[in-house]
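Architecture at a glance
Listed below are the residues making up each chain.
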Amino acid sequence: MITITYREAINQALVQEMERDPAVFVYGLDVADHKRIFGTTAGLVEKFGPGRCFITPLAEDCMTGFGLGAAINGLRPVHIHIRVDFMMLAMNQISNMLSSCRYMSGGKLKIPMVIRAIIGRGWGQACQHSKSMHSVFAHIPGVKVVLPTTPRDAKGLLVSAIRDNNPVIVLEHRWLYDISGEVPETDYTIPIGKADIVRKGKDITVIAVSWMNVEAVKAADILQQKQGIEVEIVDPRTICPLDEEAIISSVKKTGHCIIADYDWLFCGFSAEIAALVSEHCFQEIKSPVKRLGFAHTPCPTTRPLENKFYPNAVDIIRIIEDKLDLAPTDLSGEEFYSHENKFKGPF
Amino acid sequence: MTESELNKQLYKKIYTIRMAEEKIREIYPLDVMKTPVHLSIGEESVIAGVCQALTQKDQVYGTYRSHALFIAKEGDMDAFFAELYGKHSGVAKGKAGSMHLSSPESGFMASSAVVASIIPVAVGAAFAVKYKREDCVVAVFFGDGATEEGVFWESLNVSCLKNLPILFVCEDNELAIHAHISDRQAYTIPEAVKPFGIHVYSDKTTDPSEIYTIAQKAVREIRKTGKPFFLHLKYHRYLEHVGINEDYCHGYRCKEDYTEWYGADPVKIQRDKLLAIGISEGEIRSVENAADRSIEESVQKAAEAPFSDTCELFEDIYA
């Protein structure tokens with residue numbers, strides 16, 4: 001095992017797969033500038049040349065169809081969006097073309113394409129540099145949706161995504177780039193469609209998505225120390241396909257389910273999990289499913305409102321107290337994450 | 001290929017397209033083809049002329065009006081009619097219908113029913129051709145309306161910027177459903193695309209062999225330079241936007257236009273051409289009879305073929 005950051009993990013996955021398979025190429029706005037997508041595309045253009053790592057015109061819609069055309073001709077494009085919000089310009093290609101092209105061909109065409117996009121909170125990023133949108137993507141049959149949280153998962157899942165013969169959308173929270181964690185030194189993959197039990201516990205289950213795993217771990221640490229509560233945290237890692245079994249068996253064990261999503265709640269992934277738990281754990285569940293996620297508003301800029309918009313560890317603690325009838329936890333002296341106080345890991 | 005062989009092949013394509021569409025018009029009222037049809041009648045010479053200039057390896061990408069493209073790129077006729085009937089032996093087991101036809105094995109890779117959405121896909125295919133250093137070109141067909149979509153300009157820019165081996169074929173019938181081009185465009189298509197530095201050729205001929213010659217020059221230029229080429233070709237849509245009927249009675253266009261264009265009908269022009277270059281009436285009849293028979297047999301097979309089992313609904317979503 002070696003310890004690397006999330007950004008290094010993504011970079012290693014790209015280098016490794018580009019070395020392994022000449023059909024892999026990387027493109028998008030900013031992939032070859034001096035910042036290199038938070039450093040994740042560092043060194044690619046130097047190592048593989050501008051034919052395999054190139055910037056594009058500001059044409060997200062076209063460049064998504066472009067990837068589809070390349071993919072059905074045997075290439076393995078990796079298209080990158082520096083913000084998921086810009087990917088909305090490509091929704092026609094994603095929902096009408098990429099997702100359906102194989103089906104419309106009666107299974108003759110394969111579409112081995114990856115779309116990476118940066119999601120989530122930065123610093124005063126407002127409503128168009130801050131979304132997640134994974135619920136919308138997962139709504140569309142024909143694409144896969146992956147949200148890695150740890151460096152190990154980021155590398156292993158991106159390698160799986162590049163080798164997959166279907167369109168895979170990989171969503172990376174920008175605050176995760178700085179976290180460190182252990183990664184195997186040898187070639188490995190993390191299967192798409194397999195959840196991770198981030199933390200074992202018997203009292204309550206938190207299904208956490210992307211950055212919310214960091215918040216959930218913080219909440220679980222505090223509750224363990226101050227209330228003696230064992231929280232089980234399940235990171236689905238890929239929301240489509242979804243590891244339903246891991247979620248169902250955890251909720252059956254603890255009898256309580258909180259979904260800490262990183263998206264709007266209405267018609268979202270959290271509602272999907274609530275339905276899943278209702279269908280499969282009706283006998284075992286001891287309290288109603290509780291969801292937390294973005295406030296149902298556009299994301300504001302100013303810090304006090306932004307703090308209210310995004311869910312955090314304190315929200316999780318308060319919900320757990322409520323569910324388990326606990327006295328309010330003393331949070332004095334606890335440090336929580338912010339743009340200035342980034343989580344650096346390890347998990 | 002001799003001139004006579006070439007013209008016979010062109011005629012076979014054009015005649016087959018016309019008669020296949022006429023067959024659909026005949027059958028459609030029976031409601032056995034439960035798929036909206038956008039017929040290619042009037043468009044034959046553009047499609048057949050361009051496809052005649054392509055090799056089997058060259059790829060084409062089309063629209064919801066792609067019956068002609070399927071036939072001109074020599075897709076399997078049994079699978080074509082079976083797809084329209086929604087049968088398991090169709091090109092996509094009935095999942096695609098008329099609007100999403102394809103025949104990857106003969107180079108017709110995909111088509112889209114959302115206007116202009118197939119254009120960037122073709123650009124990506126041309127990129128793949130260049131990336132893999134393959135010796136083929138990609139042709140993408142679209143209507144005049146597609147040039148109003150943002151993705152058309154994005155695609156034009158990318159293909160010119162990256163010097164990709166792609167032939168843009170704008171089939172201009174001056175109509176987007178029922179809206180006339182004069183109500184939609186503040187530009188003229190050939191003039192508007194020229195500033196991208198692309199070769200542009202515009203014509204309103206309906207003569208299949210003339211279009212073949214134009215397309216052949218364009219394709220040669222693409223093979224020689226590796227750069228894109230833009231063909232702007234006019235035609236007249238004889239029938240309604242979707243469906244099997246004429247619709248001149250609705251007043252958005254006039255029958256006189258049809259009369260004028262029908263005077264230069266592609267099928268008549270090419271048939272006369274065959275006679276003029278010394279091919280006998282008998283020989284022409286034998287080409288026609290073979291096409292008629294093939295259509296008849298394919299329709300028969302399609303009518304008798306089974307539908308897909310309902311579990312097929314869940315197949316082909318992921319590889």
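Here the structure is a predicted model, which means the values were calculated and not measured.

Quick look at the nonpolar core now. Within the largest apolar cluster, 155 residues are counted, with the highest numbers of intra-cluster contacts made by F66, I94 and F137 of chain A together with Y61, F168 and F230 of chain B. Here the element with the most residues in this core is helix α5 (residues 119-131) of chain B; it accounts for ten residues. Each of domain 1 (2-183) and domain 2 (196-342) of chain A accounts for three or more of the residues forming this core. With residues up to four places along the chain from it excluded, the contact list for F230 of chain B reads F142, F152, L156, F168, C170, I189, V193, I198, H199, V200 and Y201 of chain B. Core analysis: the next-biggest nonpolar cluster, separate from the first, contains 66 residues, Y11, F229, Y238 and Y248 of chain B among them.

Residues and elements named next belong to chain A. Domains assigned within chain A are domain 1 (2-183) and domain 2 (196-342). A straight line from the C-alpha centre of domain 1 to that of domain 2 covers 27 Å. In this complex, domain 1 contributes 30 residues to the contact, which on the side of domain 2 involves 31 residues. The interface formed by domain 1 and domain 2 contains three salt bridges. Of the charged contacts, one joins E306 and R121 as a salt bridge, the two residues approaching to 3.3 Å between their closest N and O atoms. Elements that contribute at least two residues to the side of domain 1 that touches domain 2 include exactly α8 (134-138), β6 (144-146) and α9 (151-163). Within the side of domain 1 that touches domain 2, the residues separate by chemical class into 14 nonpolar, ten polar and six charged.

As a further point, take the sheet that holds strand β7 (residues 168-173) of chain A. All names here are of chain A. Taken in spatial order, the seven strands make up an open sheet running β3-β2-β4-β5-β7-β6-β12, and their pairing is mixed. Of all strands in the sheet, those bounded by a partner on one side alone are β3 (53-54) and β12 (238-240). Across six bridges, strand β5 (residues 114-119) lies against β7 in parallel orientation. The partner of I119 across the bridge, within β7, is H173. The strands touched by helix α1 (residues 6-20) are β2 (24-27), β4 (76-81), β5 and β7; relative to β2, the strand with the most contacts, the crossing angle is about 135°.

Once that is clear, we can look at unusual backbone geometry. Here C240 of chain A and P241 of chain A are connected by a cis peptide whose omega angle stands at 0°. Mapped onto the elements, P241 of chain A comes out in the loop between β12 and α11 (244-254). Even without being glycine, R133 of chain B reaches a positive phi, approximately 55°. In this fold, R133 of chain B is placed in the loop between α5 and β3 (138-143). Residues other than glycine seldom take positive phi values, yet E174 of chain B does so here, at roughly 65°.

With that settled, consider the pairing of strand β8 (residues 229-234) of chain B. Residues and elements named next belong to chain B. Burial within β8 is extensive, with six of its six residues counted as buried. Going residue by residue along β8, you find F229, L231 and L233 tucked away on one face and F230, H232 and K234 tucked away on the opposite face as well. Sheet analysis places strand β4 (residues 166-172) next to β8, joined by six bridges and oriented parallel. Considered in β8, the bridge of L167 is made with F229. In the sheet, strand β7 (residues 199-203) pairs with β8 via five bridges, with the strands oriented parallel. Looking across to β8, one finds that S202 is bridged to H232. Taking the sense of rotation as the criterion, the β-α-β connection linking β7, helix α8 (residues 208-225) and β8 turns out right-handed.

Residues and elements named next belong to chain B. Strand order in the open sheet made by the six strands is β2-β1-β3-β4-β8-β7, with parallel pairing throughout. In the strand order of this sheet, the two ends are held by β2 (108-112) and β7, each with one partner. Each strand axis lies, on average, 15° off the axis of its neighbour in the sheet, ignoring direction. This element, helix α2 (residues 44-52), spans β3, β4 and β8 of the sheet and lies at about 165° to β4. In the packing of helix α6 (residues 150-161) onto the sheet, contacts are made with β3, β4 and β8, and the angle to β4 comes to roughly 150°.

Another point: the packing of aromatic side chains. Tallying each qualifying case throughout the model produces 37 aromatic pairs over all chains. By the ring-pair criterion, three or more aromatic residues cluster together here, those being F142, F152, W153, F168, Y187, F196 and F230 of chain B. Taking NZ or CZ as reference, K218 of chain A lies 5.8 Å from the ring centre of F336 of chain A, over its face. Taking the ring centre of Y262 of chain B as reference, the NZ or CZ of K268 of chain B above it sits at 4.1 Å.

With that settled, the discussion passes to the packing of helix α10 (residues 266-276) of chain B against helix α11 (residues 281-304) of chain B. Residues and elements named next belong to chain B. At a minimum axis separation of 9 Å, α10 and α11 run at an interaxial angle of 140°. The orientation of α10 relative to α11 falls into the category oblique. Judged by the sense of rotation from one axis to the other, the crossing of α10 with α11 is right-handed. Between α10, through R271, L274 and L275, and α11, the contact on the second element is made entirely by E281, I284, R285 and E288. A class-by-class count of the residues in the contact of α10 with α11 yields three nonpolar, no polar and four charged.

The rules we used
- Residues numbered from 1 in each chain as written.
- Chains lettered and ligands numbered in written order.
- Predicted model: local features only at pLDDT ≥ 70, side-chain atom pairs only at ≥ 80, totals over all residues.
- Heavy atoms only, no water.
- Core = buried A, V, L, I, M, F, W, Y, C linked by side-chain atoms within 4.5 Å.
- Buried < 20%, exposed > 50% of the residue type's maximum accessible area, 1.4 Å probe, protein only.
- Helix = DSSP H or I, 4+ residues; strand = E, 2+ residues; numbered from the N terminus.
- Domains from an automatic or database assignment.
- Contact = heavy atoms within 4.5 Å.
- Salt bridge = Lys/Arg side-chain N within 4 Å of Asp/Glu carboxyl O.
- Nonpolar A, V, L, I, M, F, W, Y, C, P; charged D, E, K, R; others polar.
- Pairing = 2+ DSSP bridges.
- Axes fitted to C-alpha atoms, helices over the stretch in contact; angles between N-to-C directions.
- Right-handed = clockwise from strand over helix to strand, strands pointing away.
- Phe/Tyr/Trp six-rings, centres within 6.5 Å; stacked < 30°, edge-to-face > 60°.
- Lys NZ or Arg CZ within 6 Å of the ring centre and 35° of its normal.
- Parallel < 35°, antiparallel > 145°, perpendicular 65-115°, else oblique.
- Left-handed = near helix turned anticlockwise from the far one by under 90°.

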